[in-house]
Amino acid sequence: MDLDRQNRSSGARATLGAARLHRRQLLQSALAGSAALAVGLRAPAVLGQAKQFAGVTLQGASFASTFFGYLENYIPEFEEATGMKVNFETNAFPVFNQRTDLELSTQGSALDVINVTFIYSGRWIGAGWVENLKPYLEDPNLTPDDWDPQDFVGGTMASLSDANGDPYGFPWEAGAMIMAAARADLLEQKGLGLPTTFDELMNVCDQTKGMERVAPFTADKLHHWNWIPYLMGFGGTVFKDPPANLTPTWDTPQAAEAADFYGRLLSEYGPPGVLSFTDDQAMQSQKTGRANMRTQAITWMVPLAKDPDSRVKDTVRYGLVPSGPSGAFPGSNSHGFGIPVGSKNKEAAWEFIKWAVGKQTTLRMLEQHGYPSICRRSIIDTELFKETLTLNGQDVASLYLEVLELGGKGGYMKYRTVPQFPQVGDKLNKAIEKVATGQATGLEAMAEAQAEAVADLKKSGVQIDAG
Amino acid sequence: MQRSGELTAERATGHTAPAAGLARRFEEQRRRFYSNLLLPALVALMVVTLLPTIYLVVVSLTPLDLARPETHWDFSRPFAQYENVLNDSRLHNSLWVQAKLSFWSVLLQVVLGFVFALLLNVSSKVLMALRTVFLIPMVLPPIVVAIIWKVLYTPDISPFHWATEALGFVVPSLITDPNWALTAIIIADVWEWFPFVMLMVLASLQMMPSEYIEAAKVDGASVLQLTFYVTLPYLKGVLLVAALFRLVDSIKAFPLIYILTDGGPGTVTEVTNFYSFIQAFNFSYLGFSSAITVVLVVITIFLSWLIIRMVGWGQRVD
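Since the model is a prediction, treat every value here as computed from it, not as a measurement.

Calculation criteria
Residues numbered from 1 in each chain as written. Chains lettered and ligands numbered in written order. Predicted model: local features only at pLDDT ≥ 70, side-chain atom pairs only at ≥ 80, totals over all residues. Heavy atoms only, no water. Helix = DSSP H or I, 4+ residues; strand = E, 2+ residues; numbered from the N terminus. Polar contact = N/O pair within 3.5 Å; in protein donor to acceptor, adjacent residues only side chain to side chain. Core = buried A, V, L, I, M, F, W, Y, C linked by side-chain atoms within 4.5 Å. Buried < 20%, exposed > 50% of the residue type's maximum accessible area, 1.4 Å probe, protein only. Domains from an automatic or database assignment. Contact = heavy atoms within 4.5 Å. Phe/Tyr/Trp six-rings, centres within 6.5 Å; stacked < 30°, edge-to-face > 60°. Lys NZ or Arg CZ within 6 Å of the ring centre and 35° of its normal. Buried area = accessible area lost by both parts, 1.4 Å probe. Salt bridge = Lys/Arg side-chain N within 4 Å of Asp/Glu carboxyl O. Nonpolar A, V, L, I, M, F, W, Y, C, P; charged D, E, K, R; others polar. pLDDT = per-residue confidence, 0-100. Patch = residues over 30% accessible without salt bridge, like charges linked within 9 Å, V, L, I, M, F, W, Y side chains within 5 Å. Areas by Shrake-Rupley, 256 points an atom, 1.4 Å probe, with all protein chains shown as cover. Lys, Arg positive; Asp, Glu negative; His and termini not counted.

Peer 1: Kindly report on the side chain of Ser373(A), identifying the contributing residues and their values.
Peer 2: Mapped onto the fold, Ser373(A) is located in the loop between α17 (359-369) and α18 (377-380). One polar contact links Ser373(A) to Thr299(A), side chain to side chain, over a distance of 2.6 Å.

Peer 1: Describe the nonpolar core, and please don't skip the residues or the numbers.
Peer 2: Judged by nonpolar contacts, the single largest core of 142 residues is most densely connected at Phe217(A), Trp227(A), Leu265(A), Tyr318(A), Phe337(A) and Phe352(A). Viewed by domain, this core spans two of them, domain 1 (2-174 + 334-390) and domain 2 (176-332 + 410-459) of chain A, each represented by three or more residues. The residues touching Trp227(A), leaving out its near neighbours within four places in the chain, are Ala255(A), Ala258(A), Ala259(A), Tyr262(A), Leu428(A), Ile432(A) and Met446(A). Counting residues in hydrophobic clusters, the runner-up holds 53 residues, among them Val145(B), Tyr153(B), Val271(B) and Phe288(B).

Peer 1: Before we move on, could you go through the packing of aromatic side chains and cite the residues and values that matter?
Peer 2: Aromatic rings considered in pairs are described by the distance between their centres and by the relative angle of their planes. One pass over the structure, following the stated rule, counts 53 aromatic pairs over all chains. Across from the ring centre of Trp147(A), 5.1 Å away, lies the NZ or CZ of Arg376(A), which sits over that ring. Here the basic side chain of Lys459(A) rests over the ring of Phe288(B), its NZ or CZ set 3.8 Å away from the ring centre.

Peer 1: Mind laying out the interface of chain A and chain B, listing which residues take part and the relevant values?
Peer 2: Every contact between the two is made by 32 residues of chain A and, on the other side, 32 residues of chain B. A buried area of about 2700 Å², summed over both sides, lies between chain A and chain B, and 49% of it is on carbon and sulfur atoms. Considering only the side of chain A, the residues that lose the most area to chain B are Gln98(A), Lys430(A) and Lys459(A), jointly responsible for 24% of the buried surface there. Our enumeration of links across chain A and chain B arrives at four salt bridges. Taken together, the connections running from chain A to chain B amount to 15 residue pairs in polar contact (both at pLDDT 80 or more). Going through the elements one at a time, α5 (93-105), α6 (118-126), α21 (421-436) and α22 (442-459) of chain A are the ones with two or more residues in the side of chain A that touches chain B. Here the side of chain A that touches chain B takes seven residues from α21(A), the largest share from any one element. Partitioning the side of chain A that touches chain B into residue classes produces nine nonpolar, 10 polar and 13 charged.

Peer 1: How would you summarise the confidence of the model for chain A if you had to cite specific residues and measurements?
Peer 2: Residues and elements named next belong to chain A. Confidence in the prediction of chain A, expressed as mean pLDDT, is 88, and 89% of residues score 70 or more. Overall, residues 1-23 carries pLDDT values under 50, and its contacts beyond four positions in sequence, including any with other chains, amount to 20 contacts. Confidence drops under a pLDDT of 50 for residues 36-48, and excluding neighbours within four residues, the segment shows 16 contacts in the predicted structure.

Peer 1: Mind laying out the domain arrangement of chain A, listing which residues take part and the relevant values?
Peer 2: Residue and element names in this part refer to chain A. For chain A, the assigned domains are domain 1 (2-174 + 334-390) and domain 2 (176-332 + 410-459). Domain 1 puts 19 residues into the contact, and the matching count from domain 2 is 18 residues. Contact between domain 1 and domain 2 buries roughly 1400 Å² in total, counting both sides, with carbon and sulfur atoms accounting for 67%. Between domain 1 and domain 2 we count zero salt bridges in total. Seen at the junction of domain 1 and domain 2, the total is three residue pairs in polar contact (both at pLDDT 80 or more). Of all the secondary structure elements, the ones that give two or more residues to the side of domain 1 that touches domain 2 are α6 and β4 (170-181). In terms of residue count, the dominant contributor to the side of domain 1 that touches domain 2 is α6 (six residues).

Peer 1: Before we move on, could you go through helix α12 (residues 272-282) of chain B and cite the residues and values that matter?
Peer 2: Residues and elements named next belong to chain B. With nine of 11 residues buried, α12 is to be regarded as a mostly interior element. Turning to α12, its buried residues are Thr272, Asn273, Phe274, Tyr275, Ser276, Phe277, Ile278, Gln279 and Ala280. Positive phi appears at Ser284, one or two residues downstream of α12, with a value of about 70°.

Peer 1: I'd like a rundown of a nonpolar patch on the surface, residues and numbers included.
Peer 2: A contiguous nonpolar surface patch, about 710 Å² in accessible area, is contributed by Leu39(B), Val43(B), Met46(B), Val47(B), Val48(B), Leu50(B), Leu51(B) and Ile54(B). Turning to its location among the elements, Leu39(B) is positioned in helix α2 (residues 16-60).

Peer 1: Now, about the side chain of Glu103(A): what can you tell me, with residues and values included?
Peer 2: All names here are of chain A. The residue Glu103 is located in helix α5 in this model. Despite its burial, Glu103 pairs with no opposite charge, the nearest such side chain being Lys344 at 9.2 Å. The residues touching Glu103, leaving out its near neighbours within four places in the chain, are Gly108, Ser109, Ala110 and Leu111.

Peer 1: An account of the environment of Tyr415(A) is requested, with residue identities and associated values reported.
Peer 2: Residues and elements named next belong to chain A. Position of Tyr415 among the secondary structure elements: in the loop between α20 (396-410) and α21. Separated by 175 residues in sequence, Tyr415 and Lys240 place their C-alpha atoms 9.3 Å apart. Apart from the residues lying within four places of it in its own chain, the contact partners of Tyr415 are His224, Ile228, Met232, Val238, Phe239, Pro242 and Phe421. Here the side chain of Tyr415 touches Arg416 through a polar contact of 3.1 Å, side chain to side chain.

This is how it looks when you write it as structure tokens:
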């Protein structure tokens, strides 16, 4: 692994040397300069001596995402600049959350930098398990002025801050849910466009079912993320008034209708085994052209057009998540780097965070890999961002911003950052599985889930409305 | 022997009272010596098994939630978690799932293990090699077994699904079909553990005196009669032990469920220890999870007691 990294590092240096002066070179130079500057600003007294973090091994963890696949290429340069060694482990989403939750609850020192998962942010910040980063920002020895924390889009910082606005993490991903039809050509053959309403979505699925053995719809098994836009579109809500009133509101006709609707999408129009799909499997089902439409965060959608191994590069089309009778409620979220309070290498961890979500690294991600989930406004506003997210002639950047702004304005994503959401979300997952497999109707499954969620919330000391 | 001889000699010379005192003292010293020898082992045993169990019981009397520090050592309602155990329908469902999983997997493991042992109990080089092959599932790490079956059950990458599709019929994904998900787990569990029963039965068969078979043959017994009236009664004890061991072990079924179905679809494959795991490690309800685990421990102890009663301490049942 180390050798491999060294090789990649020296390869990157060789490329730098060989390249002519153009934008890429400027970016790379800026990155190298930034890393050197970071070290220099951190501790001028040690210039000419050993590197500031020599001998430090930084342990990082997150759930697997394309972001870390890209970041891995740059880590050797960061290690070279700072002297620290970075061990960054990624796991499947539920595995990472479970392990990290346990590690944080013991306030252990096994991890130095972690992803602060959106649905766990309320819990981890509220319990005091992650470090307040305000003192790090305020210390000029730790953070240069031009790092510019205000540059992060406001909505992406909401889940990573406490009630006073103090930051506990900085985002590497802004998830904006959009729709992608991997085989939009099949829709065109039927004279159909990308669906904009729930009725149209069902109609498109119905019309294209069986065409070239492509499943009309696909999804991963995280229903408490994927299904909520449908719940809200039918007029339902997750809680009565989050975060003040966490009484679940699922034993309603709207929730039942949404569960039946989504269950039908999965059971009648999904590929075989769709209920066991992880994010990656769902993306593969689209990339290989075995499944057509999916509503999910943009991170999982852009590779359909960008990845060299995608078989649907020319046929993929993007659109907004269809709206229901009550409107459109595409999910939006953000995941960011934070520091566990038990970490023994907090300054090194902050150095890593500054670098990983710094302007230069972010710009490089965009420029070299087309990474779409950018959180820095100064980069979102560039022509490069728009160019990169113009896919098959479509302005996906506008879709992305539209969703982020919608989530920020409406405040309908508040349900997701309450500390009890992980256990409540589990009930929703089970309910949707039951509906999709015909074990229960929407009404039955949601009523059962409601009862279980109420019992669980009471267990964690939450006041629930009577009745 | 020497000590006994000395005491007898003392009695003969009329020094009974001092001799009895000496013997008592010696006996005390001997007991103390043995106790001292046992003490380190007992302490180690206590630290390793008893203390965690006591801690488990203590935690089960609190509503311990890692995200809420005020719940640590809160004994205000010591039986609240047990009330939750009684009122949690999903937990009750998990016990029923556990019962179904244990019944079918143990039954099939015993039947298959017995049949394969009979078939392989022949001296042949090919069959000798086959025995080793059949043992492979049992020696694989459980997580590897789970991944093998995950591949087999995932339609996109499964040779099984490719084959059925090539033959012209489509088999649904077994692990996401509520009618098949538990069966899929049972199939994988049987595949992994029937070699354990086979191994035990095979060992017993090879120790079976040939006179039994020969005498029955002389009396004109057919192959079926030999199996049902001679071999099976001889193996009764070993089959019982194997079944009870597998029964206790089946309560610990975890990797297959974790990897293959995650307890789903819905709660179709959610067994009790998996549910307890979710409560503790996904939701941090350690108090509630401990109460569930205490109930599981009681069930396991009862089954172990049953094993000991039926089989005896090291005695052969047959």
